[in-house]
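These are the residues of each chain, in order.
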Amino acid sequence: MISNSNIEHRRMPLSSVHANTWFCVCVMASAMEEFQVIVHTLPAPTSGTYSILRLTLIGSEGSETPPISVNAGANQHHLLPGSACVVRVWSQVALGRVVLVRLRLEARTGFPDLDWHCRGVEVRRLCDRQEEGAGLQHQGAEHFPCCRWLRSVDGDVELRNGDMCLLNSETVQTLKDHRLKDLHTKQQHIRWRTFAEGVPHCVDMTSLKELGPNLSYTRQSPGINLQYLRGFAERAESWSSFTELETMFSHNGSQNTVAKYVQAHWAEDWFFGYQCLNGCNPLMVRQTRLLPPNLSINSDILCPFLPDGSSLEQELERGSIFLLDYEMLEGVPANVINGKQQFLAAPLVLLHLNQEGELKPIAIQLQQAPGPQNPVFLPSDPGPDWLLAKTWVRCSDFQCHQLSSHFLRTHLLGEVCCTATLRQLPEVHPLHQLLMPHIKTTLQINIQARASLLAANGVFDKAVGCGLEALPVLLSRATERLRYRSLCVPDDLADRGIHTLKHCYYAHDALRVWTALHRFVSGWVDVYYLGDQDVEQDSELQSWITEIYTHGFLQLPHSGCPQSFQTKPELSQFVTMVIYCCSALHAAVNFSQVDFDLWMPNCPASMTHPPPQTKGMLTEDEILSILPDVNSTCNLLITLFLLSQPAADYVPLCQYREPVFSSGAPRRLVEKVQAELRAISGEITDRNKKLELPYDYMSPDRIENSVAI
């Protein structure tokens, strides 16, 4: 046994250990094998701790050294930020190869119990050369990266070297056992719970304290000025005039060129169609070859809005007719805001793609069931009627955008994949390391969202047509309609017929970003899976996709979600989908919100009157009385401002800080994808210089690496 009486202390030069070495300790005992161990603390100011660190080396045959105190007893040094503590250990039994380093943090009596951020541990075997004067020689160091916070409540934490591998590649039983132990521990802490019936399950946590320091993060706010949106809380009334609304807008949107463009063009038909392709919800519009059977319209009525001499049937055959269908909103209970009943619609919209490449609405039916009290609105109707019909569609789009395109497809999907990854893929698994930088932050942001935005007195309760009663209904319907193909960009764009549209910049950019990510992921898969058989035989991977299918896609066969993986291409596509949805898709549907919603009539979150049942009875000024009240407008905009700005310290797409990406094949793959993404950013910048309204939400340098807001 090693005791304190065997400890010799000495100060070593800074350069003799590591660039950030602060102190060192030597532990000596009469034994068979001798090791030098260096324990590194992250340089960040709060990374150190008063607590006592105990360390054990574990060999390939299961033998281990007795635990030693690295910074206690006769040793008066501390685990300070940036320090490297050197320990020389003699083992009385043959360890063989050191495969694990066990660390245990214990609170020091009389001192605060602070967490400690360990950067990693280096282990060197010291060889005794028999030649005269040769002395002890260092063998190459074995690195055991940590890069995480350790707490006294964690008990034993075991580190293995940084080499990623599959379970079938493990040749040391001690490491196989550690792998299983790691997953078992995670599964005891990370559990599933039901958020709402028919909705993807979420992590069973309600506070960031439960989440712990390694799964939580601090986001540096970009510094948002909300001064001109506050102070309206008592105004539970309609805007008195468009002039009053413009006054509020000018104080909050004077520097936002996109929002000012939206205000100038929101009522124009071409801009309505533009937003279907490039607005904050580009996921709804699709090409159609058939008229919806519940759209009550005589095709001859639409001829004035089509090219001369053409019929609706001919335009359908050409593929120039597109459809918006908000059927998932039918019958969804509407909210009550400021004591007033709100209303929802479930519109059907036909749009025509003209020869200039503009997509324009040509028919709007505001409810699904045809009938005399559900007229079809046309561009030839009185201006206020047509404008209100389009505004109703924009309100419906807001509900589907927020809960289906945004929350379900990016936030909830990311949380499902993160939870499954923590539970089923050990940290040494190559897909765990690849995915976590893109999905880890979803746990914190979703816990916060469920406790605030989606809770009583949150913004959905106080300002959105789909309030707390409607939330689970609409999310359940969106989940039931979710298809795996719609999450994979090439399939989605082709299925909706928008991949070739000249002015669909979302489609162009999404396909380029997806292609770069897919090449990156495929290269990663090639490194660790030599063939399809390796994919099939990876039991951890199969458990992972089973858990995602069960808790994310709720075992719905029609979703098309894989229930297992048989081939490398299947695996590469799925992993690409996860990374894309949690980075690029989130950028497209989240960071565009203030631009398109700041001018409230363009995208009202609620409507205070039911959909019109007749035509010709409305003036443009009366539209204001149907739109959201002053206080709910400003309440929503405050939230959107807070959620729609990237953090001041955001991590761009495929920029990695984790050690596994810093060398070898992973580094080469990262450098290649980063070069591709830089080229895409440059091409988007060049294109945008020629556009009246630039589209840059999908430029890789503006895409956050994960869902962090």
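Residues numbered from 1 in each chain as written. Predicted model: local features only at pLDDT ≥ 70, side-chain atom pairs only at ≥ 80, totals over all residues. Heavy atoms only, no water.

### Comments concerning the overall build of the protein chain
Counting secondary structure elements, the protein chain contains 20 helices and 20 strands. Oriented by its inertia axes, the alpha-carbon framework of the protein chain measures out at about 105 × 55 × 45 Å. Within the protein chain, the proportion of its 709 residues that are buried is 57%. Of all intrachain contacts in the protein chain linking residues separated by at least 6 positions in sequence, the fraction that spans at least 24 positions is 75%. Put simply, the protein chain shows about 28,600 Å² of open surface, and 51% of that area lies on carbon and sulfur atoms. (Helix = DSSP H or I, 4+ residues; strand = E, 2+ residues; numbered from the N terminus. Buried < 20%, exposed > 50% of the residue type's maximum accessible area, 1.4 Å probe, protein only. Contact = heavy atoms within 4.5 Å. Areas by Shrake-Rupley, 256 points an atom, 1.4 Å probe, with all protein chains shown as cover.)

### Here we look at the environment of Ser69
By the element assignment, Ser69 lies in strand S5 (residues 68-69). Note: C-alpha distance between Ser69 and Val87 (18 residues apart in sequence) is 9.6 Å. The residues touching Ser69, leaving out its near neighbours within four places in the chain, are Ile52, Leu53 and Arg54.

### Focus: the sheet that holds strand S14 (residues 286-287)
What the 5 strands build is an open sheet, ordered S14-S15-S18-S19-S20; its pairing is antiparallel. What marks the edges here is a single partner per strand, and that holds for S14 and strand S20 (376-377). Strand direction decides the pairing type here: strand S18 (residues 348-353) and strand S19 (residues 359-365), joined by 6 bridges, are antiparallel. Note on S19: the bridge partner recorded for Leu353 is Leu359. Lying on the sheet, helix H7 (residues 383-424) is in contact with strand S15 (321-325), S18, S19 and S20; it crosses S19 at an angle near 90°. (Pairing = 2+ DSSP bridges. Axes fitted to C-alpha atoms, helices over the stretch in contact; angles between N-to-C directions.)

### A few points about the confidence of the model for the protein chain
Mean pLDDT for the protein chain: 92, with 93% of residues reaching 70 or above. Note that pLDDT drops below 50 for residues 1-31; the model gives that stretch 82 contacts with residues more than four away or on any other chain. Segment residues 129-135: pLDDT under 50, and 5 contacts once partners within four positions in sequence are set aside and those in other chains are kept. (pLDDT = per-residue confidence, 0-100.)

### Some remarks on the layout of surface pockets
Size it by volume and the second largest pocket reaches roughly 490 Å³. Taken together, 22 residues line the second largest pocket, and the ones lying closest to its centre are Leu283, Arg286, Met328, Arg409 and Arg481. Elements supplying a minimum of two residues to the lining of the second largest pocket: S15, H7, helix H11 (470-481), helix H12 (484-487) and helix H13 (489-496). Across the lining of the second largest pocket, the residue classes break down as 9 nonpolar, 3 polar and 10 charged. (1 Å grid on protein atoms, 1.4 Å probe; cavity = no way out; pocket = protein on both sides within 12 Å on 5 of 7 lines; lining within 4 Å. Points joined across faces, edges and corners; volume = space filled by probe spheres on them. Nonpolar A, V, L, I, M, F, W, Y, C, P; charged D, E, K, R; others polar.)

### A closer look at the side chain of Arg108
Residue position: Arg108 is located in the loop between strand S7 (98-106) and strand S8 (116-128). The contacts of Arg108, once residues within four sequence positions are left out, are Tyr50, Ser51, Ile52, Asn71 and His78.

### Description of the UniProt feature "binding site: Fe cation" (unreviewed entry) in the protein chain
Per the UniProt record, the feature "binding site: Fe cation" (unreviewed entry) sits at His406, His411, His586 and Ile709. Taking the farthest pair of C-alpha atoms as the criterion, the annotated set spanning 304 residues converges on one region, since that pair is 11.5 Å apart. Among the secondary structure elements, His411 is positioned in helix H7. Setting aside anything within four residues of it in sequence, one finds His411 in contact with His406, Thr442, Ile445, Asn446, His586, Val707 and Ile709. You can see His586 is positioned in helix H17 (residues 568-590). In contact with His586, not counting residues within four places along its chain, are His406, Thr410, His411, Cys581, Phe591, Val707 and Ile709. (UniProt positions renumbered as here; feature names shortened; annotations may be inferred.)

### As for the sheet that holds S7
One key point about sheets: their strands pair by backbone hydrogen bonds, in either a parallel or an antiparallel sense. Pairing is antiparallel in the open sheet, where 4 strands are placed in the order S5-S4-S7-S11. The open sheet has two edge strands with one neighbour each: S5 and strand S11 (156-160). As judged from the 8 bridges shared by strand S4 (residues 52-59) and S7, these two strands associate in the antiparallel manner. Pairing of Leu53 across the sheet is with Leu105, part of S7.

### Quick look at the nonpolar core
Among the nonpolar cores identified, the biggest contains 171 residues, and Leu324, Tyr506, Trp544, Phe574, Met577 and Tyr580 are the most heavily contacted of them. The element best represented in this core is H7, accounting for 19 residues. Those residues within four positions of Tyr506 in sequence are excluded, and the remaining contacts are Leu277, Asn278, Pro282, Leu283, Leu493, Arg496, Tyr580, Leu585, Ala588, Tyr695 and Met698. Listed in part, the 26 residues of the second largest apolar core include Phe35, Cys85, Leu95 and Cys146. (Core = buried A, V, L, I, M, F, W, Y, C linked by side-chain atoms within 4.5 Å.)

### Remarks on the UniProt feature "domain: Lipoxygenase" (unreviewed entry) in the protein chain
Per the UniProt entry, the sites bearing "domain: Lipoxygenase" (unreviewed entry) are residues 165-709 in this numbering. End-to-end, the C-alpha atoms of residues 165-709 are 32 Å apart, and along that stretch the chain is 48% helix and 6% strand.

### Regarding a nonpolar patch on the surface
Residues Tyr50, Phe111 and Leu114 make up a contiguous nonpolar surface patch of about 270 Å² in total accessible area. Within the element layout of this structure, Tyr50 appears in the loop between strand S3 (33-41) and S4. Relative accessible area serves as the criterion here: at 37%, Tyr50 is assigned to the partly exposed category. (Patch = residues over 30% accessible without salt bridge, like charges linked within 9 Å, V, L, I, M, F, W, Y side chains within 5 Å. Salt bridge = Lys/Arg side-chain N within 4 Å of Asp/Glu carboxyl O.)

### Some points on the pattern of salt bridges
A full pass over the atoms with the stated rule returns 43 salt bridges. A salt bridge links Lys186 to Glu427; the shortest N-O distance between them is 3.3 Å. Separated by 241 residues along the polypeptide, Lys186 in helix H1 (residues 173-189) and Glu427 in the loop between H7 and helix H8 (430-439) bring together distant segments of the chain. Residue Arg519 is joined to Glu676 by a salt bridge in which the shortest nitrogen-to-oxygen separation is 2.6 Å. Residue Arg519 is located in helix H14 (residues 505-528), and its partner Glu676 is located in helix H20 (residues 664-688); the two are separated by 157 residues in the primary sequence. Exposure remark for Glu676: the relative accessible area of 19% places this residue in the buried category. Three or more residues joined by partner-sharing salt bridges are found here, namely Arg54, Arg104, Glu106 and Asp156.

### A word on the packing of aromatic side chains
Applying the stated rule across the entire model yields 21 aromatic pairs. Summarising the aromatic geometry, the rings of Trp524 and Tyr528 are spaced 5.7 Å apart at their centres and angled 45° between planes, so their arrangement reads as tilted. Pair noted here: Trp524 and Tyr528 are both in helix H14, with a separation of 4 residues, about one helical turn. Assigned by exposure class, Trp524 and Tyr528 land together as buried. Between Phe596 and Tyr697, the aromatic rings sit 6.4 Å apart at their centres with planes inclined by 50°, giving tilted as the arrangement. (Phe/Tyr/Trp six-rings, centres within 6.5 Å; stacked < 30°, edge-to-face > 60°.)

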